[in-house]
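In case you want the letters, here they are:
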Amino acid sequence: MSTLTMVKTFQAYLPSQCHRTYSCVHCRAHLANHDELISKSFQGSQGRAYLFNSVVNVGCGPAEERVLLTGLHAVADIYCECCKTTLGWKYEHAFESSQKYKEGKYIIELAHMIKDNGWD
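- For the protein chain, the name recorded in an unreviewed UniProt entry is Protein yippee-like, with Lingula anatina as its organism.
- Its UniProt record, at the heading Sequence similarities (unreviewed entry), says of the protein chain: "Belongs to the yippee family."

Right, dumping it as structure tokens:
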């Protein structure tokens, strides 16, 4: 006889001293601290996107090879852990040496995030 185990996912909240944060536009879960923003000059499948060094409340799918605007990369789709919306992708591997700086970094499309806290 098997037993059903319920697993609860706990949402991460960025510390209150992170006065500028980005959140999921669909459920308002925190996604990233502004200090983790690397570049605003990226293109996602649905328009402009930002490159982040690290994110929270994000799950990662399996990696696959894709030809992007800057060449061949191994990327994994990322999604909001709270509402399961696909947000962008994580760079797992860059095949061109000029693109290696992206490895381990995250793309979140502007269509899926909103600015929260202290954005005057």
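Back to the text.
Notes on the overall build of the protein chain
Part 1 of the reasoning: Per the secondary structure count, the protein chain includes 0 helices and 9 strands.
Part 2 of the reasoning: Ordered by position from N to C terminus, the α and β elements of the protein chain give β-β-β-β-β-β-β-β-β.
Part 3 of the reasoning: By the burial criterion, 41% of the 120 residues in the protein chain qualify as buried.
Part 4 of the reasoning: A fraction of 47% describes how many contacts in the protein chain between residues 6 or more apart in sequence connect residues 24 or more apart.
Part 5 of the reasoning: Roughly 7,200 Å² of accessible area belongs to the protein chain as shown, and the carbon and sulfur atoms make up 51% of that amount.

As for the pairing of strand β4 (residues 47-52)
Part 1 of the reasoning: By the criterion of burial, β4 is predominantly enclosed, with 5 of the 6 residues buried.
Part 2 of the reasoning: Judged from the 5 bridges that link them, strand β3 (residues 37-44) and β4 form a sheet pairing that is antiparallel. Its bridge partner lying in β4, Gly44 is registered against Gly47.
Part 3 of the reasoning: Between β3 and β4, which pair antiparallel and follow one another directly, the connecting turn spans 2 residues.
Part 4 of the reasoning: Two elements, β4 and strand β8 (residues 106-109), share 4 bridges in a ladder whose sense is antiparallel. Paired with Ala49 across the bridge in β8 is Glu109.

Looking at the pattern of salt bridges
Part 1 of the reasoning: Taken as a whole and assessed by the stated rule, the structure comprises 5 salt bridges.
Part 2 of the reasoning: The closest approach of N and O atoms between Glu64 and Arg66, which form a salt bridge, is 2.7 Å.
Part 3 of the reasoning: Relative accessible area serves as the criterion here: at 22%, Arg66 is assigned to the partly exposed category.
Part 4 of the reasoning: It is possible to trace a salt-bridge network through shared partners that takes in Glu64, Arg66 and Asp77.

Thoughts on the sheet that holds strand β7 (residues 86-94)
Hydrogen bonds between backbone groups are what pair the strands of a sheet, and the pairing can be parallel or antiparallel.
Part 1 of the reasoning: The strand order β3-β4-β8-β7-β6-β5 describes an open sheet built from 6 strands, whose pairing is antiparallel. Since the sheet does not close on itself, it has two edges, and those belong to β3 and β5 (58-68), each with one partner. Strand-to-strand, the axes of this sheet are offset by a mean angle of 30°, without reference to chain direction.
Part 2 of the reasoning: Pairing geometry for strand β6 (residues 71-80) and β7, over 7 bridges, is antiparallel. Counterpart to His73 in the pairing with β7 is Ala94.

Focus: unusual backbone geometry
In most cases, non-glycine residues show a negative phi, while peptide bonds are predominantly trans.
Part 1 of the reasoning: Of note in the backbone geometry, Arg28 takes a positive phi value of approximately 70° without being a glycine.
Part 2 of the reasoning: Residue position: Arg28 is located in the loop between β1 (21-24) and β2 (30-33).
Part 3 of the reasoning: Owing to a relative accessible area of 46%, Arg28 belongs among the partly exposed residues under this scheme.
Part 4 of the reasoning: In this structure, Asn57 takes a positive phi of about 60° despite not being glycine.
Part 5 of the reasoning: Along the polypeptide, Asn57 turns up in the loop between β4 and β5.

Cut-offs and rules
Residues numbered from 1 in each chain as written. Predicted model: local features only at pLDDT ≥ 70, side-chain atom pairs only at ≥ 80, totals over all residues. Heavy atoms only, no water. UniProt positions renumbered as here; feature names shortened; annotations may be inferred. Helix = DSSP H or I, 4+ residues; strand = E, 2+ residues; numbered from the N terminus. Buried < 20%, exposed > 50% of the residue type's maximum accessible area, 1.4 Å probe, protein only. Contact = heavy atoms within 4.5 Å. Areas by Shrake-Rupley, 256 points an atom, 1.4 Å probe, with all protein chains shown as cover. Pairing = 2+ DSSP bridges. Salt bridge = Lys/Arg side-chain N within 4 Å of Asp/Glu carboxyl O. Axes fitted to C-alpha atoms, helices over the stretch in contact; angles between N-to-C directions.

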